[in-house]
Amino acid sequence: MDTQALQKLHDLLLQSTSNDTGLVKTATAQLNQEFYKQPQCIAGLAQIIGNSPEQAVRQLAAVELRKRVSQNSGNLWTLLDQSSRQEIKTQLPNLILNESNKLVRHSAARVIAAIASIEIPNGTWNELLPFLQQTCQSPDVNHRDVGSFILFAVLESIVEGFQLNALYSLFGQLVNDPESIEVRITTVRSLGVIAQYIEGEDKTALNAYRALLPSIFNVIGETVASGNEAGARHLFDVLETLLILEIPILGKNIPELVEFLLRCGGDTSYDPDLRVLALNALNWTVQYKKSKVQSLDLAGQILQGLMPITTEAEPEDIDDDAPSRSALRIIDGLATNLPPDQVFVPLRNLILEFFRSADPSHRRGAMLALGVSVEGCSEFMTPLMDQIWPFIEAGLRDGDATVRKATCIAVSCLCEWLEEPCVAKHQILMPSIMALINDPVTQKPACTALDAILEILHEHIDQYLQLIMEQLAGLLQTAPISVKAVVTGAIGSAAHASKERFIPYFQPTINVLANFLTLEGDGEETELRGITMDAIGTFAEAVGKDNFRPFFPDMMAQAFNGLEMGRARLRECSFLFFGVMAQVFGEEFAPYLARVVPALIESCKQLEQGEEQSAELIASAAQAFSSGASPTEPINVTDIDVNGNPVVELEDVDLEKMLDVNSAVAVEKEIAADTIGTLFAATKAHFLPYVEQCTLELVELLNHYYEGIRKSATDSLLQSVRTFYEIGEPTKWVAGRNVAVPLEAPVKDLVDHVLVPLLDMYETEDNKSVVSALCMGLAETINTVGPAFLETKLEAICEVAIQILEQKALCQQDPDQDDEDVAPEYQAEYDSVLISSAGDLVAAVANALGADFQPAFQRFYPLIAKYYKKNRSLSDRSSAIGCLAEIISGLKGAITPHTLTLAELFHKALADEEAEVLSNAAFATGLLVENSDVDLSAQYTPILAALRPLFNVDDNSPGPRLNAKDNAAGAVARMIVRNVNALPLDSVLPIFINALPLKTDYLENRPVFRALFHLFRVNGAALYPYMDRLLQVFAIVLDPSAPDQVGDEIRAELIHLVSAINAEEPAKIQAAGLGVFLPGA
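Residues numbered from 1 in each chain as written. Predicted model: local features only at pLDDT ≥ 70, side-chain atom pairs only at ≥ 80, totals over all residues. Heavy atoms only, no water.

Here the focus is the overall build of the protein. When helices and strands are counted, the protein shows 51 helices and 2 strands. Relative to the globule expectation of 31 Å for 1081 residues, the C-alpha radius of gyration of the protein, 35 Å, shows essentially globular dimensions. Its C-alpha atoms give the protein principal-axis dimensions of about 120 × 70 × 65 Å. Look at the contacts in the protein between residues 6 or more apart in sequence, and 73% of them connect residues 24 or more apart. Of the roughly 44800 Å² of accessible surface on the protein, 50% is carried by carbon and sulfur atoms. The distance from the centre of the 78 positive side-chain charges to the centre of the 143 negative ones in the protein is 3 Å. (Helix = DSSP H or I, 4+ residues; strand = E, 2+ residues; numbered from the N terminus. Rg over C-alpha atoms; globule rule 2.2 N^0.38 Å. Contact = heavy atoms within 4.5 Å. Areas by Shrake-Rupley, 256 points an atom, 1.4 Å probe, with all protein chains shown as cover. Lys, Arg positive; Asp, Glu negative; His and termini not counted. Charge placed at Lys NZ, Arg CZ, Asp CG, Glu CD.)

What follows is about the packing of aromatic side chains. One pass over the structure, following the stated rule, counts 23 aromatic pairs. Arranged with centres 5.1 Å apart and planes meeting at 40 degrees, the rings of phenylalanine 560 and phenylalanine 578 form a pair that is tilted. Within this pair, whereas phenylalanine 560 is found in helix α30 (residues 552-563), its partner phenylalanine 578 is found in helix α31 (residues 568-585), the two being separated by 18 residues in sequence. Residue phenylalanine 560 is classed as buried on the basis of its relative accessible area, which comes to 4%. (Phe/Tyr/Trp six-rings, centres within 6.5 Å; stacked < 30°, edge-to-face > 60°. Buried < 20%, exposed > 50% of the residue type's maximum accessible area, 1.4 Å probe, protein only.)

With that out of the way, let us pick up the nonpolar core. Grouped together as the largest cluster of nonpolar side chains are 379 residues, with contacts concentrated most on Phe548 and Phe1034. With 11 residues, the top contributor of residues to this core is helix α40 (residues 829-849). Ignoring sequence-local partners within four residues, the contact set of phenylalanine 1034 consists of Phe1009, Leu1012, Phe1016, Leu1054, Leu1057, Val1058, Ile1061 and Leu1074. (Core = buried A, V, L, I, M, F, W, Y, C linked by side-chain atoms within 4.5 Å.)

Relative orientation of the contacting elements helix α20 (residues 385-396) and helix α21 (residues 401-417) amounts to 140 degrees, with a least axis distance of 8 Å. As summarised for this structure, α20 and α21 are arranged oblique, according to the angle between their axes. For the pair α20 and α21, the sense of crossing is left-handed. On the side of α20, the interface is formed by Met385, Ile392, Gly395 and Leu396, while α21 contributes Val403, Arg404, Thr407, Cys408, Ala410, Val411 and Leu414. Classifying every residue of the contact of α20 with α21 by side-chain character gives 8 nonpolar, 2 polar and 1 charged. (Axes fitted to C-alpha atoms, helices over the stretch in contact; angles between N-to-C directions. Parallel < 35°, antiparallel > 145°, perpendicular 65-115°, else oblique. Left-handed = near helix turned anticlockwise from the far one by under 90°. Nonpolar A, V, L, I, M, F, W, Y, C, P; charged D, E, K, R; others polar.)

Here we take up a negative patch on the surface. On the surface, Glu316, Asp317, Asp319 and Asp320 cluster together into a negatively charged patch. With respect to the helices, strands and loops of the structure, glutamate 316 is situated in the loop between α16 (299-310) and α17 (323-337). Overall, glutamate 316 belongs to the exposed group, its relative accessible area being 81%. (Patch = residues over 30% accessible without salt bridge, like charges linked within 9 Å, V, L, I, M, F, W, Y side chains within 5 Å. Salt bridge = Lys/Arg side-chain N within 4 Å of Asp/Glu carboxyl O.)

The contact between helix α10 (residues 181-194) and helix α12 (residues 229-244) brings their axes to 9 Å, and the two run at 25 degrees. Classified by the interaxial angle, the pair formed by α10 and α12 is roughly parallel. The chirality of how α10 crosses α12 is left-handed. Of the residues in α12, those in contact with Ile185, Val188, Arg189 and Gly192 of α10 are Gly231, His234, Leu235, Val238 and Thr241. Here the residues of the contact of α10 with α12 sort into 4 nonpolar, 4 polar and 1 charged.

Glancing now at unusual backbone geometry. Note that the residue after leucine 996, namely proline 997, is joined by a cis bond; omega there is -5 degrees. In this fold, proline 997 is placed in the loop between α47 (985-994) and α48 (1005-1023). Even without being a glycine, aspartate 297 presents a positive backbone phi close to 50 degrees. Assignment of secondary structure puts aspartate 297 in the loop between α15 (290-295) and α16. The phi dihedral of glutamine 807 is positive, around 60 degrees, even though this residue is not glycine. Mapped onto the elements, glutamine 807 comes out in the loop between α39 (794-805) and α40.

Within the element layout of this structure, alanine 514 appears in the loop between α27 (503-513) and α28 (524-543). Taking C-alpha positions, alanine 514 is 43 Å from asparagine 963, a pair spaced 449 residues apart along the chain.

Enumeration over the complete set of coordinates arrives at 0 disulfides. For cysteine 408, which is in no disulfide, the shortest distance to another cysteine sulfur is to cysteine 447 and amounts to 9.2 Å. In this structure cysteine 775 is not part of a disulfide, and its nearest cysteine sulfur, from cysteine 811, lies 8.3 Å away. Looking at cysteine 775, the relative accessible area reads 0%, which means it is buried. (Disulfide = S-S within 2.5 Å.)

Okay, helix α2 (residues 21-35) next. Compared with an ideal rise of 1.5 Å per residue, which puts 15 residues at 21 Å, α2 spans 20 Å between its outermost C-alpha atoms and is within 8% of the ideal. Where α2 begins, the capping side chain belongs to aspartate 20, and its oxygen is found 2.9 Å from the backbone nitrogen of glycine 22. (Expected span 1.5 Å × (residues − 1). Polar contact = N/O pair within 3.5 Å; in protein donor to acceptor, adjacent residues only side chain to side chain.)

The next subject is the side chain of arginine 184. Mapped onto the elements of the fold, arginine 184 is located in helix α10. In this structure arginine 184 comes out as buried when scored by relative accessible area, which is 12%. Apart from residues lying up to four places away in sequence, arginine 184 is in contact with Leu174, Val175, Asn176, Asp177, Pro178, Glu179, Val219 and Glu222.

Predicted confidence across the protein gives a mean pLDDT of 90, with 94% of residues reaching 70 or more. Here residues 610-662 is modelled with pLDDT under 50, and outside its nearest four sequence neighbours on either side it reaches 86 contacts, counting other chains as well. (pLDDT = per-residue confidence, 0-100.)

This part is about the environment of threonine 310. Along the chain, threonine 310 turns up in helix α16. Overall, threonine 310 belongs to the buried group, its relative accessible area being 0%. Separated by 756 residues in sequence, threonine 310 and proline 1066 have C-alpha atoms that sit 72 Å apart. With near-sequence residues (within four places) excluded, threonine 310 lies in contact with Ser324, Ala327, Leu328, Ile331, Arg364 and Gly365.

Right, here's the structure in full:
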């Protein structure tokens, strides 16, 4: 490039750094048109980096040079003549060494990286690596700083061509550089890059890397201690990379890492933001290295370090992070990822210790820790609740308001996950919570706790409803707007609990709440408006469509207004409202589909938060460059490319703003996807015009980064298949591998379009809740559609269940878990939910295939039966026996070859200590007796002995005990039908008939009444002594004002039996109130 052109290029670059937007646009346009399309601009920019006296020009020249080298896969660079390219490769590294400004050095280093990515694969820059090694080992610390950063920049661009194992010695020196923390930080960043290229079987590289881990931890610690936030963020990014890699780099160092992160996170002398980074890294460790944390039993040590942090003050703003919130997040992660005995046992001791403290911050921390642990440990906690309630009661009366608030939060969590124990304590909880609602200091968390209690209170709400509504109605008028929001939510829960009993309060309440639907402000006003929409939807469910119909059009109008206000939260609430209205009004909702469905599709298509904000980030990047005010590394800025589009260099930008997984937009899309399936199920054939487009959008969402969206899309796709099948009023399918009743062509086409992408998603799905939803959705769909759903994908669907039961699904894997490691038997409660869902899937396949499932049963039985062991969790044991019972129901007589094996297992299960397991064991035993061709009459005596304790309950017993009694009655009924002569009726019938009517499991009324009908036919005299009792039972189950307990078939046969008894004992029939069921009555 001649001198005149070079000077013009320099001047235009200088003009581009002006604060005058017009000058910048003019200069940028000229640069694009006159220089940036010509190869010689590369040589010119390189000269300017070395010669310009203006630091801003040198900086911009370096940024532009990297772009020109990289654009179009390096085409412009390769068009430059060979001698110019060689001159740049020779001179540029030395220019950087002599550059005084760090920002220019770093930008120029990126140029070298761009050139290296082209030249090194061609073997045409062999001098670079020796130069870097020499520079990194220079006695001049500034040279080492430059060399280490160029090496990092090059490795980021191209790793191929480097003998990585030869670099570990160099990195070992640099990561311990005695003079420069910058060299040490940059070296750790380089190590973060090369870790991604280590092969799992390369033991030499793994050992060399592991040897550097103590030094890496030291550098992170030094960076945090010095308050270097930008450096710390880079280093914790490296640590996260090491944690998520599928090679066992960190495995042997997990105890050291945990101790280090606890020390950084717990040191109150460090900057709170940096402590949060350390605690977040500890949270990643728990998430990604679960198997190591579990096998090394580190939970107790981690909890010991976290509990003091939970006592620290929390910021007022719920969106602000703080060490205390991070610590509670880790406790939550421990509870949901590890076996509860490893977590709740040490945590309970710490909670007791901290709650006894005179320091209220310790008591508050104890309550918050209890609250966050409930979700993952609820099953384990249930038998321990008698030890916990005294602390809850004391916390609600504590003299310190922060402790009372924290206890309200704990109560909310307990109600969500431990319904029965909390309902049993309603007489203690309700007065205490209502008293705290009267106190302005505790009003908001108390209303949240009340909301949670009301969700589960059911029939017990009668004694509180008037008091609740009077008190909450007053707060709607007087409370601050943030409190009004939680009050409104609590009123919605009161409606949910009271159902039709809410009708007297409905109209006055909706008239007040309607005012909140006119709010248009941001923040608290948006939240109140959204919660009001949710509550009104709950009102409609409670009072029914006839009572709600006068308000329906106006409320729909308000929901549409919410869509148009440009706020994701309001769109989310409108979508939820549409779903509820569709469920309440059914096909009456159809006229609104033309307006609702396009809004749902538009939501599913919308850009994510990061995409929407990229323009804002470009603008802020430009401002940061021009003002020199960027607080961290440079944002190297901005121009217009040859197409007129803005371009921005985001060299070291924190991308969290662009990828906020839990953004309001993501939640909105999750709700939109879920609502699509709800609308189709509610409006049926009216939805058909929208099925194709909705299916395409939902399939697209299966690849979304946010697991909530993938789960909603999965649910809606399978709901759509079921609805599409049902609206065709198909012939009932016949069980069997060969499809006897084929699907209609449109249904089959939809199945094919849905099933393939769902199974593809499973192959890469790493989230357990999504896989669990997939299994449960597949199970429900198979039970609905039958064997035709399995026709082309039976093996693939069975393989999903097998992998999960073997604990080998991708979502069950820990990157640091060695291939030879056996999956632990005692696992987190969340893992048990996944196993249970796989069992549901197996049972559904058995139901669809019937006897043809028998060969597959031999493969599945050991996989399922292994979950019934004493050291397995309650959920595992219960679901294993329940799954086998459902399989028997599907196989029917084909279960015969496995009869004795199953009978032995079920007999063991009938001695279990948990009612939930006993219930399933009784059910399974009865089904085996009923379906097997093997005569089990000889086993009746031990079976009856095992069932006998299940009848020893009263009406006030917990639900699982009542359920176990009902299933025991069902088992005895099946034994009666199978071989009544093998039973000692004189001792069996008093117990059997006294167990009636059934209290919870009304499905077991079918075998119970079949047994009674059978006895009336073959041995009516045996029942005569119990006639009065039986007639009372008949009156209860036939009561037309009560929910149906028996179904149409049993009801008809029972009424026929009542008529027959009336012919013999008319007085008894009249006395029992059964006369109304007689013919002609």
